[in-house]
Amino acid sequence: MTLSRLAPAIPSAGDVMAETVIHHILRRLNEIGVDDVFGVAGDYAFPVNDAIVEHPSIKWVGCCNELNAGYAADGYARMRGVGAVCTTYGVGELAAISAIAGSYAEHLAVFHLVGSPNLPTQEGRALVHHTLGDGEFDLFHKMAEPVVCASAVMTPQNAAAETERLIAEALYHRRPVYMAIPSDVADTPVLSPTASHNPATSDPGSLAAATDAVAAVLNNAGQACVLPGVLLRRLRLQDAATAFIDAWGLPFATMFADKSVLGEGHPHYIGMYTGRLGGEPVRAFVESCDAVVMIGSMLTDGNTAGHTVRLDPSRTITIDHHRTTVGSTMYRNVEMADLMTQLSERITKQAQPPAITPETLGPIVGGGEDPITADALYPRLADFFRPDDVIMTDTGTCSLGLTFAQLPKGAEFHNQTLWASIGWATPAAFGAAVGAQDRRLILITGEGAHQMTAQEISQFDRHGLRPIVLVLNNSGYLSERMLCKDMALGYNDIAAWNYAELPHALGCQGWFTARVRSCGVLDDALKTAGQADGAAYIEIITDPYEAPPMYRKLHENVKSFYNIH
Ligand SMILES: Cc1ncc(C[n+]2csc(CCOP(=O)(O)OP(=O)(O)O)c2C)c(N)n1
Ligand SMILES: [Mg+2]
C-alpha cells in the first residue's frame, strides 16, 4: 500500500452532514446482524471504541485479552452468522490473529476492526508505541492478509465501497475480514456514500448441468448416502439439506466436526462416521455405497479419525460452497443453496435407508464412591443434555469422548476441530452465550485448555449470563499423553489449580460450584446444575490416564508405531 492512498480527504461542503467513516461501518455491520462487538480498548482505537459504546444498537463487550475477544467473536458468529472483534494496532491485533485464523479455518464471518495510528503519524514514519520502531505501518496488515479473505485500509473515499466489498466477501466465503481504521479517518465524513454488491448467484448453465449430473448418479446408485458438513450450519442451509435428504430418502452419517449439523433424531441418521476408530456398521455401509454425497464436509485428520476413512473418490460427489464435483467433472459457480433446491425438486427415486441404529454411548455405570471413569463420565454428560442446548467443547479428550453421545432435538455440538487451538472453547462459549441468550449453554473443557483462557469466565457473570461449565481435571494434557511416545513425559504435566474456586476469584456472584471425584457426587452436582436457575461450574476430577475409547484406540496405534508394549 502506498502512503498516497492514505492521504486524508477534505470533505466538500455537500458532505458535511454525511456519516463518519466509523458510523458508516458500524451501521452496515449492525444491519447485517452485528449487535455486539467484542474487544479490548486502546488509544489508537479510541475513536472506534467511542463510536461503539455510543452506538444506540451495538454493545461494546470488553474481554480480558484480544485472543479471547477473537474467540468470543467466533463463538458469537456460530450463533448469529456474523461476529465482530475490535482491537488496537499491533499489540492487540497480533494477539487476536490466532483466533482470526481459527475463524478462517472454521468458516466464520468475523469482522476484525483495527484502530491504527493517524495518518500524519504513519506518513511521518514516527517512532510511536506498538510499532517495531522502523517507521513501517503496514506490517501487521500484511501479517493478517493470509488469514482473512479480504482486507482494507479505510479512507473517506473508499469507506462505503470497501465496507460493502468486505461484507460481501465475508458472507460469500464465510471467512473473516480485516478493516484497518486510522484514528483520524474514523471520524471523517464518508465521501461517495453509495455502494452496493450483488448476492452470490449460480451460473444457470452450470447449475443445471450439476443438477443433472448429481441426479443421474443418485438415480443409478444401488446405495447412496450423505455426509453433511458443518458448513451447512454456517450457511444456515440445514433445512435445504434436510429437504434434499428427505426427498431422496437418503441416509446420512456425520463426521466429528459436523456432529449434530442435522438433527441426530432424524429417521435417516445412521450415526457417526469415524473411520476405523469406532462405529463399524456405519463405516462399512458408507464405504460400500455406490455414491457418497459430501455436502460441505471435509476429510481433515480430525474428521477422518487420523485418516482412517477409505472413500473412493470416483464414487464421491462433493457439493462445496460455490462448486460441485461429480467424478472428474467440476461444476463451477454453483451455489450450494441453489443446488440443494434444484435437487429436491428433481427426485427420481427414493432410496431405502439401511437398518442401522446410530451407535450411542453405553449405559450409565458406577455410583456412590466409585471413581469417575471415562465409561462413567460420558454417558452421564449425554444424559444431562437437553433439547436446544448449545454445547461448546474444547479440543481434548472431553470432546472426543462425546462423539457417540446422541444429542436431543435442536441441541448443537460445537468444536474447533480443524484449527484445534486449545483454550478456544471458554471465550467462544462466552461469545455464543452473548449471541444466543435464550438458550442453555454448556461449556465442556479440559483443564489444560481452560488454563489458556480461563479468565474469560468472569465475563459471563458480568453480563448476567448463566452457563453450565464442566471442567475435566485429569492432571495434565491427557490427549497428548495418549499420542506421544511416553505418557509420563513432563511436558504434558501442568500446574495444579483449584478450578472450582475460579468463579469466586473471578468475581462471579452466586454460582453453584462443585469439585467432584466420585460418581455419586457428580450425579448430585449435575442434578443441582440442571435444576438451578443460576450458573454452575463443576470441576470433574478423574485419574490422569482416564481416556474415552476412541483415544484408547489411538493410543494403541501410537504404541504399535513406537513399538511399545
Ligand atoms: C494453542 C494450542 N497449543 C497446544 C496445542 C496442543 N494440544 C492439543 S491437545 C492438548 C492438551 C489438552 O489438554 P486438556 O485441555 O487438559 O484436555 P485433556 O486431553 O487432558 O482431556 C494440547 C496441549 C493445541 N492444540 N493448541
Ligand atoms: Mg487435561
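This is a predicted model, so every value here is computed, not measured.

Asks: Before we move on, can you summarise the overall build of the protein chain with the specific residues and values?
Replies: A count of helical and extended segments in the protein chain gives 22 helices and 19 strands. The C-alpha atoms of the protein chain give a radius of gyration of 25 Å, which matches the 24 Å a tight globule of 565 residues would have. Each principal axis of the C-alpha distribution contributes one length, and for the protein chain these read about 75 × 60 × 50 Å. At a minimum sequence separation of 6, the contacts of the protein chain that also span at least 24 residues come to 76%. As presented, the protein chain carries roughly 21800 Å² of accessible surface, and 53% of it is formed by carbon and sulfur atoms.

Asks: Can you explain the sheet that holds strand β2 (residues 59-62)? Please cite residues and give values.
Replies: Taking strand neighbours across the sheet as the criterion, the six strands line up as β2-β1-β3-β4-β6-β5 in an open arrangement whose pairing is parallel. At either end of the open sheet lies a strand with only one pairing partner, and these are β2 and β5 (150-153). Looking at each pair of strands side by side, their axes are set apart by 20° on average, direction ignored. One ladder, built from two bridges, connects strand β1 (residues 36-39) with strand β3 (residues 82-88); its direction is parallel. From the neighbouring strand, phenylalanine 38 faces β3, where its bridge partner is valine 85. Its contacts with the sheet put helix α3 (residues 66-80) on β1, β3 and β4 (109-116), and the angle it makes with β3 is roughly 165°.

Asks: Tell me about the confidence of the model for the protein chain, and name the residues and values.
Replies: In this model, the protein chain carries a mean pLDDT of 93, and residues with pLDDT of at least 70 account for 96%. Residue range residues 1-16 is modelled with pLDDT below 50. Its contacts to residues more than four positions away, or to other chains, number 26 contacts.

Asks: Give me the lowdown on the packing of aromatic side chains, citing residues and values where you can.
Replies: All told, the structure shown has nine aromatic pairs when counted by the stated rule. For the ring pair phenylalanine 38 and tyrosine 76, a centre distance of 5.5 Å and an interplane angle of 70° mean the geometry is edge-to-face. Here the residue phenylalanine 38 occupies a position in strand β1, and tyrosine 76 occupies one in helix α3, the gap between them amounting to 38 residues. Across the pair, tyrosine 76 and phenylalanine 38 agree in class, each one buried. With a centroid separation of 5.6 Å and an interplanar angle of 75°, the aromatic rings of phenylalanine 430 and phenylalanine 460 are classed as edge-to-face. Of this pair, phenylalanine 430 sits in helix α16 (residues 425-435) while phenylalanine 460 sits in helix α18 (residues 457-462); the two residues are 30 residues apart in sequence, bridging distant segments of the chain.

Asks: Which residues make up the side chain of serine 297, and what values do they have?
Replies: Here serine 297 shows up in the loop between β10 (291-295) and β11 (316-319). Classification of serine 297 as buried rests on a relative accessible area of 4%. Looking at serine 297, its side chain comes within polar contact range of the main-chain oxygen of leucine 227, at 2.8 Å. If near-sequence neighbours (up to four positions away) are discounted, serine 297 is found in contact with Leu227, Pro228, Gly229, Met255 and Asp258.

Asks: Talk me through unusual backbone geometry; I want residue IDs and the actual numbers.
Replies: The phi dihedral of alanine 305 falls on the positive side, at around 50°, and the residue is not glycine. Mapping alanine 305 onto the fold places it in the loop between β10 and β11. Residue alanine 305 is classed as buried on the basis of its relative accessible area, which comes to 10%. Phi angles above zero are rare outside glycine, and serine 475 is one such case at about 55°. One can find serine 475 in the loop between β17 (468-473) and α19 (478-483).

Asks: Kindly report on the site of ligand 1, identifying the contributing residues and their values.
Replies: Around ligand 1, a shell composed of 15 residues is seen, among which Thr397, Glu447, Ala449, Leu478 and Ser479 lie nearest. Glycine 448 places a main-chain nitrogen or oxygen 2.8 Å from an oxygen atom of ligand 1. Serine 479 places a polar side-chain atom, nitrogen or oxygen, 2.5 Å from an oxygen atom of ligand 1. Looking at the shell around ligand 1, the elements that each hand over two or more residues are α17 (447-453) and α19. Taken together, the residues that form the shell around ligand 1 break down as five nonpolar, eight polar and two charged.

Asks: Residues and numbers for α3, please.
Replies: With 15 residues, α3 extends 20 Å from end C-alpha to end C-alpha; this agrees with the ideal 21 Å at 1.5 Å per step. Along α3, 13 of the 15 residues are buried, which leaves the element largely enclosed by surrounding structure. The N-terminus of α3 is capped by asparagine 65, whose side-chain oxygen sits 3.2 Å from the backbone nitrogen of leucine 67. Downstream of α3 by a residue or two, glycine 81 has a phi angle that is positive, lying close to 95°.

Asks: So what about the coordination of the magnesium ion (ligand 2)? Which residues, and what values?
Replies: Within the first shell, the magnesium ion (ligand 2) binds the protein through Glu447 (OE), Asn474 (OD1) and Gly476 (O), at distances of 2.0 to 2.2 Å. One chain supplies every donor to the magnesium ion (ligand 2), and in sequence these donors are spaced E-x26-N-x1-G. Assessed through its relative accessible area of 3%, asparagine 474 is described here as buried. For glycine 476, a relative accessible area of 4% translates into the label buried.

Asks: Account for the pattern of salt bridges, naming residues and giving values.
Replies: If you walk through the whole model with that rule in mind, you get 24 salt bridges. The network of salt bridges with shared partners includes Glu19, Arg27, Arg28, Glu31 and Glu164.

Asks: Describe the environment of proline 371, and please don't skip the residues or the numbers.
Replies: Topologically, proline 371 is positioned in the loop between α13 (336-345) and α14 (374-384). The sequence separation of proline 371 and aspartate 543 amounts to 172 residues, and the corresponding C-alpha distance is 8.2 Å. Every residue in contact with proline 371, bar those within four places of it in the chain, is listed here: Arg517 and Cys519.

Asks: Report on the pairing of β3, specifying residues and quantitative values.
Replies: Counting buried residues along β3, seven of its seven residues qualify, which places the element largely inside the surrounding structure. Neither face of β3 is open: one carries Val82, Ala84, Cys86 and Thr88, the other Gly83, Val85 and Thr87, and all of them are buried. Note that β3 and β4 share seven bridges and pair parallel. Each residue of the ladder has a partner; that of cysteine 86, found in β4, is leucine 113. Regarding the hand of the β-α-β motif, the stretch spanning β3, helix α4 (residues 91-105) and β4 is right-handed.

Asks: Could you give an account of the packing of helix α1 (residues 21-31) against helix α2 (residues 46-54), naming the residues involved and the relevant values?
Replies: Contact geometry of α1 with α2 gives a least axis separation of 10 Å together with a crossing angle of 50°. It follows from the interaxial angle that α1 and α2 lie oblique. Note that α1 runs across α2; the crossing there is right-handed. Facing α1, whose interface residues are Ile22, His23 and Leu26, α2 presents Pro47, Val48, Ala51 and Ile52. Of the residues that constitute the contact of α1 with α2, the class distribution is six nonpolar, one polar and no charged.

Cut-off values and rules
- Residues numbered from 1 in each chain as written.
- Chains lettered and ligands numbered in written order.
- Predicted model: local features only at pLDDT ≥ 70, side-chain atom pairs only at ≥ 80, totals over all residues.
- Heavy atoms only, no water.
- Helix = DSSP H or I, 4+ residues; strand = E, 2+ residues; numbered from the N terminus.
- Rg over C-alpha atoms; globule rule 2.2 N^0.38 Å.
- Contact = heavy atoms within 4.5 Å.
- Areas by Shrake-Rupley, 256 points an atom, 1.4 Å probe, with all protein chains shown as cover.
- Pairing = 2+ DSSP bridges.
- Axes fitted to C-alpha atoms, helices over the stretch in contact; angles between N-to-C directions.
- pLDDT = per-residue confidence, 0-100.
- Phe/Tyr/Trp six-rings, centres within 6.5 Å; stacked < 30°, edge-to-face > 60°.
- Buried < 20%, exposed > 50% of the residue type's maximum accessible area, 1.4 Å probe, protein only.
- Polar contact = N/O pair within 3.5 Å; in protein donor to acceptor, adjacent residues only side chain to side chain.
- Near = heavy atom within 4 Å.
- Nonpolar A, V, L, I, M, F, W, Y, C, P; charged D, E, K, R; others polar.
- Expected span 1.5 Å × (residues − 1).
- Donors = N, O, S within 2.8 Å, 3.2 Å for Na, K, Ca; no water.
- Salt bridge = Lys/Arg side-chain N within 4 Å of Asp/Glu carboxyl O.
- Right-handed = clockwise from strand over helix to strand, strands pointing away.
- Parallel < 35°, antiparallel > 145°, perpendicular 65-115°, else oblique.
- Left-handed = near helix turned anticlockwise from the far one by under 90°.

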